Amino acid sequence: FALPGVLLRNREQLAMSNLATWFTPSLQTISRSAGRRSVLAAAYRACAALTDERLGISRDFTPKGKHGLAENICIGIPNNDIGKLFNDAEKAETRANSTVARELMVPLPSAWTDAERAQCAGGLGEMLRARYGVAVLVSIHRPSKDNNNDHVHILFTTREVDANGNFGKKTRILDDVKTGEVKKLREAVCEIVNVQAKAQGDDWYVYAGKFSDIIDDYVPTKHISIKA
């Protein structure tokens, strides 16, 4: 899940704005088989102090939040208690290799204001809640001093969660790319970003497919990792 975003269909429309080549969202899983835990993941992303009750491990990332966190938005999380939510998510899974959460990471325009980024990021979280019935933690991170990498981490449960915080069935539709749901989710993300960009008069759009679909003679570039 990592290519740019909208559903602009013809060349005339494309000529009106620029393809945003910086837009590379990612969808990943938080899985026990990889040694990962949803409570600790939530603590890091929310810049909070949380305890994983299952493992008896506590982590305090509040110092990171002084400069690295713009805002947390809780959607479908009773009392905004992220510690309880993700501890309950861990308790809901019994297998040693269970996937306990999913994360959608989306770059956000550095030219937008904090309020504009929050509006877009919140819209993405609401979309996940409406589409899959999951509980969602939206954590908007500020860039480091040497880049414009504003972005949002959207951590959400792998199970449906009702208004009272009760966990239901797994959202297995996102487990297999063959269902086509990941592609639909990618398009939904792009649509939300593009609607806001258009409303604000921005001269760019994001696209959910391959660059080569819309750019003649496009030559792919090599990915440069964050470590570079």
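Quick caveat: nothing in here was measured; it's all calculated off a predicted structure.

(A) Summary view of the packing of helix α5 (residues 114-132) against helix α6 (residues 181-199). Relative orientation of the contacting elements α5 and α6 amounts to 150°, with a least axis distance of 10 Å. Taken together, the axes of α5 and α6 are roughly antiparallel relative to one another. You can see that α5 and α6 cross each other, and the crossing is right-handed. Of α6, the residues touching α5 (which contributes Glu116, Gln119, Cys120, Gly123, Leu124, Met127, Leu128, Arg131 and Tyr132) are Glu181, Lys184, Leu185, Ala188, Val189, Ile192, Val193 and Gln196. Looking at the contact of α5 with α6 residue by residue, the classes come out as 10 nonpolar, 3 polar and 4 charged.

(B) Inspection of the nonpolar core at higher detail. The biggest cluster of nonpolar side chains holds 33 residues, and the ones touching the most others in it are Leu128 and Val138. Mapped onto this core, the elements with two or more residues apiece are β5 (69-75), β6 (99-107), α5, β7 (136-141), β8 (151-157) and α6. Membership of the second largest hydrophobic core comes to 19 residues, among which are Leu50, Leu85, Ala101 and Ala135.

(C) Here's a closer look at the environment of Ile154. On the secondary structure map, Ile154 appears in strand β8. Sequence separation of Ile154 and Lys210 is 56 residues, and the distance between their C-alpha atoms is 23 Å. Look past the residues within four positions of Ile154 in its chain and what remains in contact with it is Arg102, Glu103, Leu104, Ala121, Leu124, Leu128, Val136, Leu137 and Val138.

Rules used in this analysis
Residues numbered from 1 in each chain as written. Predicted model: local features only at pLDDT ≥ 70, side-chain atom pairs only at ≥ 80, totals over all residues. Heavy atoms only, no water. Axes fitted to C-alpha atoms, helices over the stretch in contact; angles between N-to-C directions. Helix = DSSP H or I, 4+ residues; strand = E, 2+ residues; numbered from the N terminus. Parallel < 35°, antiparallel > 145°, perpendicular 65-115°, else oblique. Left-handed = near helix turned anticlockwise from the far one by under 90°. Contact = heavy atoms within 4.5 Å. Nonpolar A, V, L, I, M, F, W, Y, C, P; charged D, E, K, R; others polar. Core = buried A, V, L, I, M, F, W, Y, C linked by side-chain atoms within 4.5 Å. Buried < 20%, exposed > 50% of the residue type's maximum accessible area, 1.4 Å probe, protein only.

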